[in-house]
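Notes for the structure review
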Amino acid sequence: MSELLTLFFVYFEIGLFTIGGGYAMIPLIQQEIVNHYHWITLQEFTDFIAIAESTPGPFAVNTATFVGMRVGGLLGAFFAVLGCILPSFIIILIIAKWLKNFQDNKFVKGALYGMMPVVIALILNAVFILFLNNVMNTTLSDFSLAGFDWKALVCCGIAAFIYYKFKIHPILLIVICAGLGLIFYGLPTLF
Amino acid sequence: MKNKLLDLFWTYLKIGAFTFGGGYAMISLVQAEIVDRKKWIDQTQFLNMIAISQATPGVIAINTATFVGYEIGGFWGSLLATLGVTIPSFVVIAIISTFLTYFLSLEWIAYAFNGIRAGIIVLIFDAVIKMRRSVSPNAFNFIVGAAAFLLATFTDISVVILILIGGVLGIIWQVYIVKAYEGEKNE
């Protein structure tokens, strides 16, 4: 039971500090769910992101359901999702009822103005950590070049090229990358 | 009223089941269903709600659902809209995750996911670039952003603390130093 409550409060914190869209959750999830509680590994989390991107519904609810299921089954998923959506629900109810001019307040505007560069920097840091983990197979605190995976780097390069050149839908990019994975990692095992 | 609430729930269930990519992707569907077709709220109200949802902490998809639901049916409206948008995700992912561990243990699926992870890095990096474009390229944003990146990379300072410090710096800078909102209507 205590783990379910922890899950609820951790996701409540994540929901509360998600500012500027679903990806803003990624640094928070890395910090709390991966590094602090060790509920999932960074690699599992990256896989969850891929599946959350290719299934319907809000990204935040999808990843919360995944993590919750992993930690405590259906009940875990329920507590994680509840924690994740409750801050939104409460804050918006208060605003809708009493503070319709909330976003015109200069302190609110100023705070958001200052939070945006931080959130962007944090997501950039999160993607840097994913890059180190997946391509270099290392971490910053224990850095080494021994695990460098040139195939992963080539896959990133091709994916970036295709995505920017042809401006395809993210789901199509994921499908193409699955193909790249099969070609670069699967095909060599046949010979 | 009761029928309207059920209709609201059903509409949001559909929106939750058919949007890929979260809050921003949802906006056009909500617009088509709730503003254009059912005319429950008008365009100006809707745009105002989107602005508030983006400017408030929390999941944008949930923020807009709660807001639209509240405007249409009060507390119960907000509850049903939020549940409606959440339930499809919950059900789909709960089913997928039951099979996921087995699925990922299949050799060739694991190979495919090696490639997919590269794609995810590109997608998140692209989100960073798009968000970067939405803030003005001035000294404040650059210095605060660079400092936050270095602190997040080389120290253990919590993400939440960094976001809060950003908020305080933003108030000091915008309200007291450059006085950016003088002459505007303030509450």
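Residues numbered from 1 in each chain as written. Chains lettered and ligands numbered in written order. Predicted model: local features only at pLDDT ≥ 70, side-chain atom pairs only at ≥ 80, totals over all residues.

Some words on the overall build of chain A
Helix and strand counts for chain A come out as seven helices and zero strands. What you see in chain A, going N to C, is helices and strands ordered as α-α-α-α-α-α-α. Reported as C-alpha extents along the three principal axes, the dimensions of chain A are approximately 65 × 40 × 35 Å. Expressed as a percentage of its 191 residues, the buried residues of chain A come to 53%. (Helix = DSSP H or I, 4+ residues; strand = E, 2+ residues; numbered from the N terminus. Buried ≥ 20, exposed ≤ 12 C-beta atoms within 10 Å, placed from the backbone.)

As for the domain arrangement of chain B
Per the domain assignment, the segments of chain B are domain 1 (2–100) and domain 2 (136–181). Each of domain 1 of chain B and domain 2 of chain B has a C-alpha centre, and these two points are 32 Å apart. (Domains from an automatic or database assignment.)

Thoughts on the nonpolar core
Core analysis: the biggest nonpolar cluster contains 119 residues, and A:Cys84, A:Val119, A:Leu122, A:Ile123, A:Cys177 and B:Ile124 have the highest contact counts within it. Per element, the largest residue contribution to this core is 20 residues, and it comes from helix H4 (residues 59–98) of chain A. If we ignore the near neighbours within four places in the chain, the residues touching A:Cys84 are A:Tyr11, A:Ile14, A:Gly15, A:Ala60, A:Val61, A:Ala64 and B:Val59. (Core = buried A, V, L, I, M, F, W, Y, C linked by C-beta atoms within 7 Å. Contact = placed C-beta atoms within 7 Å.)

Brief notes about the domain arrangement of chain A
Residue and element names in this part refer to chain A. Each domain of chain A was delimited in the assignment, giving domain 1 (2–144) and domain 2 (149–191). Taking only C-alpha atoms, the centre of domain 1 and the centre of domain 2 are 26 Å apart. Between domain 1 and domain 2, the residue contacts involve six residues of the former and seven residues of the latter. Those elements that place two or more of their residues in the side of domain 1 that touches domain 2 are helix H3 (42–53) and helix H5 (106–136).

Remarks on the packing of helix H1 (residues 2–18) of chain B against helix H4 (residues 60–105) of chain B
Residue and element names in this part refer to chain B. Interaxial distance between H1 and H4 falls to 7 Å at its minimum, and their mutual angle equals 40 degrees. Relative to H4, H1 is oriented oblique. As H1 packs across H4, the resulting crossing turns out to be right-handed. (Axes fitted to C-alpha atoms, helices over the stretch in contact; angles between N-to-C directions. Parallel < 35°, antiparallel > 145°, perpendicular 65-115°, else oblique. Left-handed = near helix turned anticlockwise from the far one by under 90°.)

Regarding the interface of chain B and chain A
Counting residues at the interface gives 84 residues for chain B and 95 residues for chain A. Listed by contribution, the elements that provide at least two residues to the side of chain B that touches chain A are H1, helix H2 (23–37), helix H3 (43–54), H4, helix H5 (107–133), helix H6 (139–154) and helix H7 (159–177) of chain B. Residues belonging to the side of chain B that touches chain A are distributed by class as follows: 52 nonpolar, 26 polar and six charged. (Nonpolar A, V, L, I, M, F, W, Y, C, P; charged D, E, K, R; others polar.)

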